[in-house]
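Below, each chain spelled out in residue letters.
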Amino acid sequence: MINSALYTGRVWHTRLHPKKHAFTYPIFMFALDLEELAEFRNTLWPLSTWLVKFRETDHLKNGEGIMGNNNQDRSRSPPQSHENKTNYSIAEKTNSKFQPTLQTHRVMILTHLCYYGYNFNPVSFYYIIDKKSKNNNDIAAIVGEVSNTPWLQQYCYVLHPDSIDKVKTNIQHDDDNDDDDDDEQMKKKVEYSFPKAFHVSPFMEMDYFYDWSFIGIPGASSKSVTVVNTLRRRNNNRIEFTAKLIMESNPITPFRVAKQMIIFPVYCMIIQIWIHYQAILLFLKGVVYIPHPLGSETAASAIIAKIMIPFFVIQDYFKPKTKSA
């Protein structure tokens, strides 16, 4: 039995300011042990040839390294300053204080795969697990690989106490029940707080702290996983947005995966459509469009900003006028 698993459940989004807005939808994701990719592909063959496929090129698009940088050839790339460099390895992002390898750590990626030739992930999580830990289930670090819409950029937050992402870590342990490994695992809650450094939503500003909490470690032995993301204002700690993901584990079999592909045949495309649909609703509620921060604009973001100008002129025209005193 392989460690990888298929997770199914729901995701909830709730915006509290400046306008209230909430929605929920069903979700499924794959938890893959990076040491089991060959077994995963063999288990799902021939589905894994195109219908549901893990492609390395869909991840770490900036050249980041999960397993450290000892084997990377740096001679071809000029040195970059901390201010403009995004392709840090984990070792670099922790000032070489944390250098995982496949000999010392196991990596589980919780992600969407490429379905019917198309892939998009709002966020993928790499759980880096210490192989020497008790029951092999202690999280050494988590890497959150975030993508933004509609610009399709990626950014990796390295969630570790020594991370240059300025991460505050809180790990809650409860080892009273040693007879049930899954119960013990589910009682462990890992919390990370860090400043937002990557522009994600065109309807959300940058002046926030993220509070991320994780319960459960993806894998065949974990019955469920929970991920909660909260955004707090930096100046007053007001909570303005929360997202919650709760999923249950299922074994990976050709029949189960084929059934999931029938229920949600082009799920990554559905995500994109759903995101843009919610963006339209936010626009109609009068939420202000937030362009890329200065210094991080791209050709795509500049074009999109210009395309949006007439729409927001219309929005301003129909916006209720406040009466002067």
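Model, not experiment: these values are computed from the prediction.

Calculation rules
Numbers given for residues are sequential positions, taken from 1 along each chain in its written order. In view of the model being predicted, local features appear only for residues whose pLDDT reaches at least 70, and side-chain atom pairs are presented and counted only at 80 or more, with totals across whole chains, interfaces and linings using the full set of residues. The side-chain numbers reported here are obtained from all heavy atoms of the structure, hydrogens and water having been left aside. Throughout this description, the term salt bridge denotes a Lys or Arg side-chain nitrogen within 4 Å of a carboxyl oxygen of Asp or Glu. The helix count covers DSSP runs of H or I at least four residues long, the strand count covers runs of E at least two residues long, and both are numbered beginning at the N terminus. Relative accessibility under 20% of the residue-type maximum defines a buried residue, over 50% an exposed one, and the middle range a partly exposed one, all with a 1.4 Å probe and only protein chains included. Buried Ala, Val, Leu, Ile, Met, Phe, Trp, Tyr and Cys residues form a nonpolar core when they are joined through side-chain atoms within 4.5 Å. Every residue pair with non-hydrogen atoms within 4.5 Å of one another is taken to be in contact. Points on a 1 Å grid over protein atoms alone make up a cavity when a 1.4 Å probe fits among them but cannot get out, and a pocket when they form an open set with protein on both sides within 12 Å along at least five of seven lines; lining residues each have an atom within 4 Å of a point. Grid points are joined across faces, edges and corners, and a volume is the space filled by probe spheres set on the points. In this classification, Asp, Glu, Lys and Arg are treated as charged, Ala, Val, Leu, Ile, Met, Phe, Trp, Tyr, Cys and Pro as nonpolar, and every other residue, Gly included, as polar. Strands qualify as paired when DSSP identifies two bridges or more between them. Helix axes are fitted to C-alpha atoms over the stretch in contact, other axes to C-alpha atoms as well, and angles between N-to-C directions run from 0 to 180 degrees. UniProt positions are given in the numbering used here, feature names are shortened, and annotations may be inferred rather than shown by experiment. Whenever two N or O atoms come within 3.5 Å, that pair is a polar contact, provided that in protein one can donate a hydrogen and the other can accept it, and provided that, for residues adjacent in sequence, both atoms are side-chain atoms. The arc under discussion is defined with respect to the helix axis, by the directions toward the C-beta atoms.

(A) Quick look at the pattern of salt bridges. What the rule picks out here adds up to 10 salt bridges. Note that Arg 41 and Glu 56 form a salt bridge whose closest N and O atoms lie 3.4 Å from each other. Pair noted here: Arg 41 is in helix α1 (residues 37-44) and Glu 56 is in the loop between β3 (52-53) and α2 (90-93), with a separation of 15 residues, a long-range link. Of the charged contacts, one joins Asp 165 and Lys 93 as a salt bridge, the two residues approaching to 2.8 Å between their closest N and O atoms. Remark: Lys 93 occurs in helix α2 and Asp 165 occurs in the loop between β8 (154-159) and β9 (168-172); sequence separation between them is 72 residues. For the pair formed by Asp 165 and Lys 93, the shared burial category is buried.

(B) Geometry of the nonpolar core. The biggest cluster of nonpolar side chains holds 68 residues, and the ones touching the most others in it are Phe 30 and Tyr 127. Broken down by element, this core gets its largest block of residues, eight residues, from strand β2 (residues 21-33). If we skip the residues at most four places from it in the chain, Tyr 127 touches Arg 106, Val 107, Met 108, Leu 110, Ile 139, Ala 141, Ile 142, Phe 214, Gly 216, Pro 218 and Val 227.

(C) Representation of the layout of surface pockets in the model. In this model, the largest pocket occupies a volume close to 1200 Å³. In terms of lining residues, the largest pocket is bounded by 49 residues, among which His 13, Pro 122, Val 200, Ser 201 and Ile 275 are the most central. At nine residues, the largest contribution of residues to the lining of the largest pocket is made by helix α5 (residues 267-284). Looking at the lining of the largest pocket, its residues break down into 35 nonpolar, 11 polar and three charged.

(D) Inspection of the sheet that holds strand β4 (residues 105-111) at higher detail. Reading across the sheet, the 11 strands line up as β8-β7-β6-β4-β2-β1-β13-β12-β11-β10-β9 and stay open at both edges, with antiparallel pairing between neighbours. Of all the strands in the sheet, the pair left with one neighbour each is β8 and β9. Along the sheet, successive strands turn relative to each other by an average axial angle of 20°, direction set aside. Judged from the eight bridges that link them, strand β6 (residues 123-130) and strand β7 (residues 138-147) form a sheet pairing that is antiparallel.

(E) Structural context of the UniProt feature "transmembrane region" (unreviewed entry) in the protein. If you check UniProt for "transmembrane region" (unreviewed entry), the listed places come out as residues 262-284 and 299-318 in our numbering. Between the C-alpha atoms that bound residues 262-284 there is a distance of 33 Å. The span itself is 87% helix and 0% strand.

(F) The arrangement of the side chain of Arg 233 in detail. Following the sequence through the fold, Arg 233 ends up in strand β12 (residues 224-233). Within the structure, the side chain of Arg 233 is placed 2.7 Å from the side chain of Glu 205, a separation counted as a polar contact. Once residues within four sequence positions are removed from consideration, Arg 233 is found in contact with Glu 205, Asp 207, Tyr 208, Phe 209, Arg 238 and Glu 240.

(G) Inspection of the environment of Gln 272 at higher detail. Take Gln 272: it is sitting in helix α5. When residues no more than four places from it in sequence are discounted, the contact partners of Gln 272 are Tyr 118, Phe 120, Thr 149 and Leu 152.

(H) Layout of helix α4 (residues 254-263). Residues of α4 that are buried include every one of Val 257, Gln 260 and Met 261, and no others. Viewed along the axis of α4, the buried residues span an arc of 100°, placing them on a single side of the element. With respect to the buried face of α4, the exposed residues turned more than 90 degrees away are Phe 255 and Ile 262. Of the surrounding elements, those touching the buried residues of α4 are β1 (5-15), β2, α1, β3 and β5 (114-115).

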